[in-house]
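# A structural walkthrough
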Amino acid sequence: MKKIGVLTSGGDSQGMNSAIRSVVRTGIARGYEIVGIKRGYNGLMEKDFIPLGSKDVSDKLYRGGTFLQSARSEEFRTEEGQKKGANNLKEEGIEHLVVIGGDGSYRGAAKLNDLGIKTYGLPGTIDNDLPLTDYTIGFDTTLNVVTDAIGNLRDTMSSHERVSVIEVMGRNSGDIALHAGIASGVDAILVPEQPWDIKEISYKLKDRFNKGKTHSIVMVAEGAGNGEEIAHMIKDHCGLDTRATILGHIQRGGTPSAFDRVFTSRMGHEVIRLIDNDIYGVALGIENNDITYHRFEEIFEAHQPPNTKLYSIFGDLV
Ligand SMILES: Nc1ncnc2c1ncn2[C@@H]1O[C@H](COP(=O)(O)OP(=O)(O)O)[C@@H](O)[C@H]1O
Ligand SMILES: O=P(O)(O)OC[C@H]1O[C@](O)(COP(=O)(O)O)[C@@H](O)[C@@H]1O
């Protein structure tokens, strides 16, 4: 029986479990044997392999994190590590490998593909920073986590007539800040893709307080600046009482949203179809609500344009 390996790599994201479940259940239904590789590429180095049956993925659909666990592996970054990984898979008779992770994980997957393992990438990152897919796994859930957290902050900020500066994740991408900021009706959004002027923002906030506002919320993407520093700058410019909140890893947890569960179920299913059709060396995504795939090289060369349209929509809403 043909064997398919599956691993989760890089930062975990809500929906990875649901993606694994879909690969396992669909793969078994099509007559494949599925092998889980623990702790990302670290587990690949150490042959930390477990057989995955249908029951092993019960009760996983609605859980955040990844039951296979994840890691960032230094050894696998080296050429020797990659050869060792490919050999470990070959020794185990694993011909196909599904890698659920972000850009770094995809680069590793492409190397394994060159070494004779038929590989597939699923976009597992909360950052939404992969090209040729409209969404990445966990992004939608993270937006809901951030939006809920802002609701709580709004209550206390309003009682104390304060400005809340909220720093969110996203590495070099402002997508979490932009989408969650619009969903939360914040007063300003600072993202790395757009210029911003803290003096101008501070004066606008002050003006709104003068007109009767009792609180303000400023959303900062981690790639745009440091939340604590920005809070101090605002206070210095306009004197308003300001507090910074760094949401941190709380954003990566929580039960996956219905969108993330359906999206990952569809992608797991599509991976098995690609395997059946001997298509490999590709990563999957969702574009205009269709599950699509592109060669790794195409993804590495593609540029993800900044979402200027959404940013300008926000500009008209504040
Ligand atoms: N250029 C690369 N070549 C081979 N493997 C890589 C490369 N970049 C990253 N990796 C592997 O993928 C892992 C995850 O990558 P990382 O960038 O940390 O997260 P993500 O996949 O979420 O972007 C790394 O720890 C490393 O083992
Ligand atoms: O959990 P770590 O290793 O501290 O990394 C934090 C980073 O991971 C992320 O949560 C997700 O990034 P990746 O999916 O690229 O790993 C980023 O938003 C954040 O900058």
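Residues numbered from 1 in each chain as written. Chains lettered and ligands numbered in written order. Predicted model: local features only at pLDDT ≥ 70, side-chain atom pairs only at ≥ 80, totals over all residues. Heavy atoms only, no water.

## Things to note about the site of ligand 1
Neighbouring residues of ligand 1: 16 residues in total, closest Arg 72, Ser 73, Gly 102, Gly 104 and Ser 105. Within the backbone of Ser 73, a nitrogen or oxygen atom sits 2.6 Å from an oxygen atom of ligand 1. A distance of 3.4 Å is found between a nitrogen atom of ligand 1 and a side-chain nitrogen or oxygen belonging to Lys 111. Starting from 550 Å² of accessible surface for ligand 1 in isolation, the protein chains cover 85%. According to the grid-proximity analysis, the pocket containing ligand 1 is the largest pocket. Here the shell around ligand 1 takes six residues from helix α4 (residues 103-114), the largest share from any one element. For the shell around ligand 1, the residue count by class is two nonpolar, nine polar and five charged. (Near = heavy atom within 4 Å. Polar contact = N/O pair within 3.5 Å; in protein donor to acceptor, adjacent residues only side chain to side chain. Areas by Shrake-Rupley, 256 points an atom, 1.4 Å probe, with all protein chains shown as cover. 1 Å grid on protein atoms, 1.4 Å probe; cavity = no way out; pocket = protein on both sides within 12 Å on 5 of 7 lines; lining within 4 Å. Sits in = over half its atoms within 2 Å of the grid points. Helix = DSSP H or I, 4+ residues; strand = E, 2+ residues; numbered from the N terminus. Nonpolar A, V, L, I, M, F, W, Y, C, P; charged D, E, K, R; others polar.)

## Quick word on the site of ligand 2
As a matter of local geometry, ligand 2 sits amid Gly 11, Arg 72, Thr 125, Ile 126, Asp 127, Met 169, Gly 170, Arg 171, Glu 222, His 249 and Arg 252. Here an oxygen atom of ligand 2 and a side-chain polar atom of Arg 72 are 2.8 Å apart. Interatomic distance of 2.8 Å between a side-chain N/O atom of Thr 125 and an oxygen atom of ligand 2. Relative to its unbound accessible area of 480 Å², ligand 2 is 77% covered by the protein chains. More than half of the atoms of ligand 2 fall within 2 Å of the grid points belonging to the largest pocket. Classifying every residue of the shell around ligand 2 by side-chain character gives two nonpolar, four polar and five charged. No fewer than three residues from each of domain 1 (3-138 + 256-301) and domain 2 (140-253) sit in the shell around ligand 2. (Domains from an automatic or database assignment.)

## Side note on the pattern of salt bridges
Summed over all chains, the structure comprises 20 salt bridges. Across the salt bridge formed by Glu 92 and Lys 47, the nearest N and O atoms sit 3.6 Å from each other. Taken together, the residues Glu 92 in the loop between α3 (79-91) and β4 (94-101) and Lys 47 in the loop between α2 (40-45) and β3 (49-52) connect sequence positions 45 residues apart. Residues participating in the shared-partner salt-bridge network are Arg 39, Glu 46 and Asp 48. (Salt bridge = Lys/Arg side-chain N within 4 Å of Asp/Glu carboxyl O.)

## Section: the UniProt feature "active site" (unreviewed entry) in the protein
Those places that UniProt annotates as "active site" (unreviewed entry) correspond, in this numbering, to Asp 127. Relative to the helices and strands, Asp 127 is located in the loop between β5 (118-123) and α5 (139-160). A residue is classified by how much of its surface remains accessible, and Asp 127, at 8% relative accessible area, is buried. Among residues more than four places away in sequence, those in contact with Asp 127 are Thr 136, Phe 139, Gly 170, Arg 171, Ser 173, Asp 175 and Ile 176. (UniProt positions renumbered as here; feature names shortened; annotations may be inferred. Buried < 20%, exposed > 50% of the residue type's maximum accessible area, 1.4 Å probe, protein only. Contact = heavy atoms within 4.5 Å.)

## Considerations on α3
In this model, α3 (13 residues) spans 18 Å end to end at C-alpha, consistent with the 18 Å of a helix rising 1.5 Å per residue. Looking one or two residues beyond α3, the residue adopting positive phi is Gly 93, at roughly 75 degrees. (Expected span 1.5 Å × (residues − 1).)

## With respect to the layout of surface pockets
Empty space within the largest pocket amounts to approximately 1,300 Å³. If you go around the largest pocket, you meet 48 residues; those closest to its centre are Gly 102, Asp 103, Thr 125, Asp 129 and Leu 130. At the level of secondary structure, the elements contributing two or more residues to the lining of the largest pocket comprise α4 and α6 (175-184). Looking at the lining of the largest pocket, the element that brings in the most residues is α4, giving six residues. For the lining of the largest pocket, a count of residues per class yields twelve nonpolar, 20 polar and 16 charged. Both domains that furnish three or more residues to the lining of the largest pocket are identified here as domain 1 (3-138 + 256-301) and domain 2 (140-253). (Points joined across faces, edges and corners; volume = space filled by probe spheres on them.)

## Quick notes on the nonpolar core
Leu 190, Val 218 and Met 219 are the most contacted members of the largest nonpolar core, which has 41 residues in total. At the level of secondary structure, the elements contributing two or more residues to this core comprise α5, β6 (163-168), α6, β7 (188-190), α7 (198-210), β8 (216-221), α8 (227-238) and α11 (308-317). Counting residues in each nonpolar core, the second largest holds 27 residues, with Ile 20, Tyr 32, Met 267 and Val 271 among its members. (Core = buried A, V, L, I, M, F, W, Y, C linked by side-chain atoms within 4.5 Å.)

## Here we look at the sheet that holds strand β9 (residues 242-246)
Across the sheet, which stays open at both edges, the four strands sit in the order β7-β8-β6-β9 with parallel pairing between neighbours. Two strands in the sheet have a free side with no partner beyond their single neighbour: β7 and β9. Pairwise comparison of adjacent strand axes, ignoring direction, gives a mean angle of 20 degrees for this sheet. For β7 and β8, the ladder comprises three bridges, and the chain directions are parallel. Pairing of Leu 190 across the sheet is with Val 220, part of β8. Strands in contact with α8 are β6, β7, β8 and β9; relative to β9, the strand with the most contacts, it is inclined by about 170 degrees. (Pairing = 2+ DSSP bridges. Axes fitted to C-alpha atoms, helices over the stretch in contact; angles between N-to-C directions.)

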